[in-house]
Amino acid sequence: MKTVGHWIDNKPVDGTSGNHSPVYDPATGEQTTRVALASATEVDTAVAAASAAYRTWSQTSLSRRTAILFRYRELLDAHRDELASLITAEHGKVHSDALGEVARGLEIVELACGIPEKLKGELSTQVSTRVDVASIRQSIGVVAGITPFNFPAMVPMWMFPLAVACGNTFVLKPSEKDPSASYRLAELAAEAGLPEGVLNVVNGDKVAVDRLLEHPDVAAVSFVGSTPIARYIQAGAVAAGKRVQALGGAKNHMLVLPDADLDFAADNAINAAYGSAGERCMAVSVVVAVGATGDELVAKIAERARALRIGPGNDPASEMGPLITAEHRDKVAGYVRGAAAQGAEVVVDGTGLRVEGHEQGFFLGVSLLDKVPTDADAYRDEIFGPVLCVVRADTYEEALQLINSSRWGNGTAIFTRDGGAARRFQLEVEAGMVGVNVPIPVPVGYHSFGGWKDSLFGDLHVYGNDGIAFYTRGKVITTRWPDPADSGGINLGFPSNH
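Quick caveat: nothing in here was measured; it's all calculated off a predicted structure.

Definitions and cut-offs
Residues numbered from 1 in each chain as written. Predicted model: local features only at pLDDT ≥ 70, side-chain atom pairs only at ≥ 80, totals over all residues. Heavy atoms only, no water. Helix = DSSP H or I, 4+ residues; strand = E, 2+ residues; numbered from the N terminus. Rg over C-alpha atoms; globule rule 2.2 N^0.38 Å. Areas by Shrake-Rupley, 256 points an atom, 1.4 Å probe, with all protein chains shown as cover. Lys, Arg positive; Asp, Glu negative; His and termini not counted. Charge placed at Lys NZ, Arg CZ, Asp CG, Glu CD. Expected span 1.5 Å × (residues − 1). Buried < 20%, exposed > 50% of the residue type's maximum accessible area, 1.4 Å probe, protein only. 1 Å grid on protein atoms, 1.4 Å probe; cavity = no way out; pocket = protein on both sides within 12 Å on 5 of 7 lines; lining within 4 Å. Points joined across faces, edges and corners; volume = space filled by probe spheres on them. Salt bridge = Lys/Arg side-chain N within 4 Å of Asp/Glu carboxyl O. Axes fitted to C-alpha atoms, helices over the stretch in contact; angles between N-to-C directions. Parallel < 35°, antiparallel > 145°, perpendicular 65-115°, else oblique. Left-handed = near helix turned anticlockwise from the far one by under 90°. Contact = heavy atoms within 4.5 Å. Nonpolar A, V, L, I, M, F, W, Y, C, P; charged D, E, K, R; others polar. Pairing = 2+ DSSP bridges. Polar contact = N/O pair within 3.5 Å; in protein donor to acceptor, adjacent residues only side chain to side chain. Core = buried A, V, L, I, M, F, W, Y, C linked by side-chain atoms within 4.5 Å.

(A) Examining the overall build of the chain more closely. Along its length, the chain carries 16 helices and 23 strands. Computed over C-alpha atoms, the radius of gyration of the chain comes to 25 Å, within 12% of the 23 Å expected from 2.2 N^0.38 for 498 residues, which places it in the range of a compact globule. For the chain, the spread of C-alpha atoms along the principal axes amounts to about 85 × 60 × 40 Å. Only carbon and sulfur atoms are counted for the fraction: they give 51% of the accessible area of the chain, which is about 20,500 Å². Taken as two groups, the 44 positive and 59 negative side-chain charges of the chain have centres that lie 5 Å from each other.

So, in structure tokens, the structure goes:
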């Protein structure tokens, strides 16, 4: 059986703790791999390697850093299909979706290749007599990244390329459910020329996470995952005096106004709700139908949902693959099975799906729940599976209030032909990412990704300018070169700009 260990100082390191966790092929239900779970001592080894590397890497020229990142970008491009296959084998998403994940991660590597432009600083001359002031940004040290199972390549690439481009070193703790893609990213970085200790991978569970949070040599922590764990990460990192960005869960609403193209809206609801089996923090999980559109829109979504082809992710005919584990599949199915008793109308029930030849796989059909009460579990909880709820609203104002009353504020979307309504929505809705006729408004790499309310703990989003700000700290330098004829003299007054 394949074993995935750790990657420290550009070398594979077998786990010495003796603890391992199983990794399954979600399409078959079979264990294909075991992953080593790091002890606190092994985490210390990785942090020590990163700390040692930081002393030289932080002083490495920008041209040298970007040359390595350009080579890394070319290697990632050449290995797209391999990386996507690793993702499909352990996560279960269809191969085309996995390829899209790699492509979005590559956007951030490309942004990192342009880091000299982002770090060039500012200079004000002659702010006072013969005095100049410069503002620069410098690296912060060793950074830890703790990433989720649903994007095992993309989310790590949201973090470490920018971090190392800014001169930091990095310790990545990926999900133990699908570790191979993250491990391969580190191997390719070494092949591109990234020096020893600059990027390290420790696989593990809570033991590894807690040690990273408390380790005195870790300066900052980046996290993406569920809201309860994001809250835990922020509290632990702040208590240890670290900088932290922790992105949490979501319950993304898609508002459909009566003037919208309902076929277009239904297509996009399907894509956004059921893509990657709903295991996306930007998945649409609630459609808010305004006015008389509800019945027709639900009928169109149901027709499309029943026609989806569900099967193994490596089958080109499959449009949706399995869920990550049997336990998660059963949890998601529980929301559907309990929906009617809580007042919802079950329009499409996918809990009985069986995929021929893959009966032991972690498959679940898509489900559509209509007229879902806002106090039902299916509405209140982040399900993270192929379940779409529809709620009804009489007016735009009622729908907006419904969305803004959610404790999450990750992403949202409005579908309409009315430019005025769209403009109102993008200004009035309380969410960090807004789509206008775009159901999954994940920003491009040179903007930043992040939500509001319980979807973000910390001040800064990931990648884009926010990511660069997070991985650097500001320094202001005030300089005076006196004229030889200036004798100076003593002045105990507060400095003035004259």
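Once you've had a look at it, read on.
(B) Spatial organisation of helix 1 (residues 40-57). Spanning 18 residues, helix 1 covers 25 Å between terminal C-alpha atoms, matching the ideal 26 Å at 1.5 Å per step. Considered for burial, the residues of helix 1 that qualify are Glu 42, Val 43, Ala 46, Val 47, Ala 49, Ala 50, Ser 51, Ala 53, Tyr 54 and Trp 57.

(C) Focus on the layout of surface pockets. As a volume, the largest pocket reaches approximately 930 Å³. Lining the largest pocket we find 37 residues, and of these Phe 149, Phe 223, Gly 225, Ser 226 and Ile 229 sit closest to its centre. Looking at the lining of the largest pocket, the elements with two or more residues in it are helix 8 (206-214), strand 11 (218-224), helix 9 (227-239) and helix 12 (326-337). With five residues, helix 9 is the largest single contributor of residues to the lining of the largest pocket.

(D) How the structure looks around the pattern of salt bridges. A complete count under the given rule lists 29 salt bridges for this structure. A salt bridge links Asp 210 to Lys 206; its shortest N-O distance comes to 2.6 Å. In this pair, Asp 210 and Lys 206 are both assigned in helix 8, four residues apart and thus about one turn of the helix distant.

(E) Inspection of the packing of helix 14 (residues 396-404) against helix 15 (residues 419-428) at higher detail. Close contact between helix 14 and helix 15 brings their axes to 11 Å; oriented N to C, the two are set at 25°. With respect to helix 15, the axis of helix 14 lies roughly parallel. Taken as a pair, helix 14 and helix 15 cross one another with a handedness that is right-handed. Packed against helix 14, whose contacting residues are Tyr 396, Glu 397, Leu 400, Ile 403 and Asn 404, the element helix 15 presents Ala 421, Arg 424, Phe 425 and Glu 428 at the interface. Grouping the amino acids of the contact of helix 14 with helix 15 by side-chain chemistry returns five nonpolar, one polar and three charged.

(F) View of the sheet that holds strand 5 (residues 30-36). On the basis of which strands lie adjacent, the open sheet formed by three strands has the order 1-5-4 and mixed pairing. With one partner strand each, in any of the chains shown, strand 1 (2-4) and strand 4 (20-25) form the two edges of the open sheet. Neighbour-to-neighbour, the strand axes of the sheet open up by a mean angle of 35°, direction not taken into account. By the bridge criterion, six bridges tie strand 4 to strand 5 in an arrangement that is antiparallel. Residue Tyr 24 lies in a different strand from strand 5, and its bridge partner there is Gln 31.

(G) Representation of the packing of helix 10 (residues 262-274) against helix 11 (residues 294-306). With their axes 9 Å apart at the nearest point, helix 10 and helix 11 run at an angle of 50° to one another. When the axis of helix 10 is compared with that of helix 11, the two are oblique. Relative to helix 11, the crossing made by helix 10 is right-handed. Along the contact surface, helix 10 presents Leu 262, Asp 263, Ala 265, Ala 266, Asp 267, Ala 269, Ile 270 and Tyr 274, while helix 11 presents Glu 296, Leu 297, Lys 300, Ile 301, Arg 304 and Ala 305. Residue classes in the contact of helix 10 with helix 11 are distributed as nine nonpolar, no polar and five charged.

(H) The arrangement of unusual backbone geometry in detail. The backbone of Asp 9 sits at a positive phi, close to 55°, despite the residue not being glycine. Within the secondary structure, Asp 9 sits in the loop between strand 2 (6-8) and strand 3 (11-13). Here Asp 9 falls in the partly exposed class, since its relative accessible area comes to 25%. One non-glycine residue with positive phi stands out, namely Tyr 463, at about 45°. Note that Tyr 463 resides in the loop between strand 22 (456-457) and helix 16 (464-470).

(I) Geometry of the environment of Asp 261. Among the secondary structure elements, Asp 261 is positioned in the loop between strand 13 (252-256) and helix 10. Residues Asp 261 and Thr 416, spaced 155 residues apart in sequence, show a C-alpha to C-alpha distance of 7.3 Å. Within the structure, the side chain of Asp 261 is placed 3.1 Å from the backbone nitrogen of Asp 263, a separation counted as a polar contact.

(J) Fine view of the nonpolar core. If you look at the biggest cluster of nonpolar residues, it comprises 65 residues, and the most contacted ones within it are Tyr 72, Leu 76, Trp 158, Leu 162, Phe 170, Phe 449 and Tyr 471. Ranked by residue count, the leading element in this core is helix 6 (residues 154-165), at 10 residues. Setting aside residues up to four positions removed in sequence, Leu 162 forms contacts with Ile 108, Leu 111, Ala 112, Ile 115, Tyr 463, Gly 464, Gly 467, Ile 468 and Tyr 471. With 64 residues, the next largest nonpolar core counts Met 254, Val 284, Val 391 and Val 429 among its residues.

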